[in-house]
Amino acid sequence: MPPMPPITSPSGKRPGELALVMGGGGARAAYQVGMLRALARRVPDLEIPIITGVSAGAINAVHLAAHPGTFAEAVHDLSGLWEKLRIEDVFRVDSPSLTRNLMHWGLQLLSGGLIRGAGEMRSLVDTAPLARFLSGALGTGGRNDVPIEGIRANLASGRLRALALSTSSYTTGRSVTWVEGRPGLEPWERPMRRARLQRITVDHVMASAALPLLFPAIRIGDEWYGDGGIRLSAPLSPALHLGADRILAISTRFDRSEAEEASPQVLGYPPPAQVAGQLMNAIFLDLLDQDSWRVEQTNKLLRGLPPEDRGDLRVVDIVTLRPTADLGKLAADFELDLPRFFRFLLRGLGTDRTRSPDLLSFVLFEPGYVCRLMDLGERDAEARMGELEDTLRSVGDPEPPER
């Protein structure tokens, strides 16, 4: 495919600030990498000054923000990391570890909390392997609490304006977005959500990606943090606060047709896996699509007003990319790739009794599934490359809206 012409608007004006927004979804985040591969092939030297991520999308976001090479080189390396990823690189799935965790939970439940086994139970799985994996990939020398130097280097060079990772504070119940950016950025605060300016570490990434109950919470300062999708009611707000007026948002939620919605995903009483999958979809996947819809509706209203009547608001060009196939159904094809005992436990929750095992898709960090998602993301991005190019060339309004 020929390289994309230089990014300029028809008027010759400089395009407004571009932001990349990546939502969550556990292993589904591999789909985002496929979309980035298609974009990198088309625009290998693309610069994205504002990058935001939540949950598993935070892993992709911090890699792009810290990489020293071009956009194409960063995406190539990110793709390589996902291709070699195994579930053992994310959390421990050996039988002794899982059995011990389950026994600790059982003792606490059956004793009313009086018996805590070998210590306080914090999660169903141990994510120490993911922390080691990220530390190695991001060059922090095995330290989770030290700043990721690549981010500062890209900020100093001017390639990056800001990186923002969202978390949820279990201590206060608020959504907290951690921002590392150029001098002059101001934190913001809204009801139940706020931003903090701080150098990003592996701990921030681990906190943003800490699926509730399944993964342990991470302590940052005096508070404990978990997955950023839990309380983030406006996933696009960090990008808008940071000055974006062009947004590429990548969702991992499949938009079912009316016929597909009418078709039951499970026959009979829903098993725990079906209920858990619906809850995870509602928490981690639906909000990005809803927020994108609100921005698009606001754009329609603003376009009907003369600029002098828009106040502090302005039109934000946004392209929301999402899968053209059900990622939950795709996961069912790769269930046998999971370690035997872990697969046995998931089947105990009923993952084999639902037609779209969404819970399975969140934890299926295995090469077959990951590569299928990346290939799908690549094809989906190619199909919408015209829209992407239009957004890359568009000129935004001068001031960011309040969100």
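The sections below set out a description of the structure shown in this document.

Each helix and strand in the protein was counted, giving 15 helices and 10 strands. Within the protein, the proportion of its 403 residues that are buried is 55%. Counting only carbon and sulfur atoms, one obtains 55% of the accessible surface of the protein, whose full area is about 17,600 Å².

Attention now moves to a negative patch on the surface. Together, D45, E47, E73 and D77 make up a negatively charged patch on the protein surface. Within the secondary structure, E47 sits in the loop between α1 (30-42) and β2 (50-54). The exposure class assigned to E47 is partly exposed, which follows from its relative accessible area of 48%.

On to the pattern of salt bridges. Between side chains of opposite charge, a pair can form when the charged atoms approach closely. Inspection of the entire model under this criterion finds 18 salt bridges. For R42, the salt bridge is made with E389, and the minimal N-O distance between the two is 2.5 Å. On the criterion of sequence distance, the pair formed by R42 in helix α1 and E389 in helix α15 (residues 385-393) is long-range, its members being 347 residues apart. Of the charged contacts in the structure, one is a salt bridge between E180 and R199, with a shortest N-O distance of 3.4 Å.

It is worth spelling out the side chain of E366 at this point. Within the secondary structure, E366 is located in the loop between α13 (358-363) and α14 (367-383). Within the buried set, E366 has no salt-bridge partner at all; the shortest N-O distance to an opposite charge, 4.8 Å, is to R86. Engagement of the side chain of E366 in a polar contact is seen with the backbone nitrogen of I87, the distance being 3.3 Å.

Turning to helix α3 (residues 71-83), a few remarks are in order. An ideal rise of 1.5 Å per residue puts 18 Å on 13 residues; α3 measures up with 18 Å between its terminal C-alpha atoms. Listed in full, the buried residues belonging to α3 are F71, A74, V75, L78, S79, L81 and W82. Projected down its long axis, α3 shows its buried positions confined to an angular sector of 155 degrees, all on one face. Residues of α3 that are buried in the fold lie against α1, α2 (56-66), α5 (128-138) and α14.

Turning to the nonpolar core, a few remarks are in order. Counting 93 residues, the largest nonpolar core has W82, F91 and I151 as the members making the most contacts within it. When near neighbours in sequence (up to four residues on either side) are disregarded, W82 contacts G26, A27, A29, A30, V33, N60, F365, V370 and M374. Counting 20 residues, the second-largest nonpolar core is a separate cluster that includes A162, A164, L185 and L236.

Within this structure, the stated rule accounts for six aromatic pairs. Both rings, one in F91 and one in F215, keep their centres 5.6 Å apart while their planes meet at 55 degrees; by these two values the pair is tilted. Of this pair, F91 sits in the loop between α3 and α4 (95-110) while F215 sits in the loop between α7 (202-208) and β7 (218-220), and the two are 124 residues apart along the sequence. In this pair, the class of F91 matches that of F215, namely buried. A ring pair is formed by F334 and Y369, whose centres lie 6.0 Å apart and whose planes are at 55 degrees; its orientation type is tilted. With F334 in the loop between α11 (327-332) and α12 (340-348) and Y369 in helix α14, the pair connects residues that are 35 residues apart, well separated along the chain. On the basis of relative accessible area, F334 is assigned to the buried category, the value being 12%. Grouping aromatic residues by their ring pairs yields a cluster made of F91, F215 and F342.

On to the environment of V179, then. Relative to the helices and strands, V179 is located in strand β4 (residues 175-181). Residue classification places V179 among the buried residues on the basis of a relative accessible area of 1%. Measuring from C-alpha to C-alpha, the distance between V179 and R199 comes to 7.3 Å, with 20 residues separating the pair along the chain.

Topologically, S166 is positioned in strand β3 (residues 162-169). S166 sits in the buried class, given a relative accessible area of 2%. When residues no more than four places from it in sequence are discounted, the contact partners of S166 are G53, V54, V176, T177, S208, G228, L232 and P238.

This part is about unusual backbone geometry. Glycine aside, residues mostly have negative phi angles, and peptide bonds mostly take the trans form. For M192, which is not glycine, the phi torsion reads 65 degrees and is therefore positive. Relative to the assigned elements, M192 resides in the loop between β5 (189-190) and β6 (193-197). M192 gets classed as partly exposed once you look at its relative accessible area, which sits at 39%.

It is worth spelling out the packing of α2 against α3 at this point. Two elements in contact, α2 and α3, have axes whose closest approach is 9 Å; the angle formed by their N-to-C orientations is 140 degrees. Compared by their axis directions, α2 and α3 come out oblique. Like other packed secondary-structure pairs, α2 and α3 cross with a definite hand, here right-handed. Across the interface between the two elements, N60, H63 and L64 from α2 touch A74, V75, D77, L78, L81 and W82 from α3. When grouped by side-chain class, the residues that make up the contact of α2 with α3 number six nonpolar, two polar and one charged.

Bringing the environment of T127 into the picture now. Along the chain, the position of T127 falls in the loop between α4 and α5. Overall, T127 belongs to the buried group, its relative accessible area being 4%. Along the backbone, T127 and L214 are 87 residues apart, and their C-alpha atoms lie at a distance of 9.3 Å. The residues touching T127, leaving out its near neighbours within four places in the chain, are V90, F91, M206, F215 and P216.

Parameters at a glance
Residues numbered from 1 in each chain as written. Predicted model: local features only at pLDDT ≥ 70, side-chain atom pairs only at ≥ 80, totals over all residues. Heavy atoms only, no water. Helix = DSSP H or I, 4+ residues; strand = E, 2+ residues; numbered from the N terminus. Buried < 20%, exposed > 50% of the residue type's maximum accessible area, 1.4 Å probe, protein only. Areas by Shrake-Rupley, 256 points an atom, 1.4 Å probe, with all protein chains shown as cover. Patch = residues over 30% accessible without salt bridge, like charges linked within 9 Å, V, L, I, M, F, W, Y side chains within 5 Å. Salt bridge = Lys/Arg side-chain N within 4 Å of Asp/Glu carboxyl O. Lys, Arg positive; Asp, Glu negative; His and termini not counted. Charge placed at Lys NZ, Arg CZ, Asp CG, Glu CD. Polar contact = N/O pair within 3.5 Å; in protein donor to acceptor, adjacent residues only side chain to side chain. Expected span 1.5 Å × (residues − 1). Arc of directions from axis to C-beta. Contact = heavy atoms within 4.5 Å. Core = buried A, V, L, I, M, F, W, Y, C linked by side-chain atoms within 4.5 Å. Phe/Tyr/Trp six-rings, centres within 6.5 Å; stacked < 30°, edge-to-face > 60°. Axes fitted to C-alpha atoms, helices over the stretch in contact; angles between N-to-C directions. Parallel < 35°, antiparallel > 145°, perpendicular 65-115°, else oblique. Left-handed = near helix turned anticlockwise from the far one by under 90°. Nonpolar A, V, L, I, M, F, W, Y, C, P; charged D, E, K, R; others polar.

As far as function goes, none of this settles anything; it's purely spatial.
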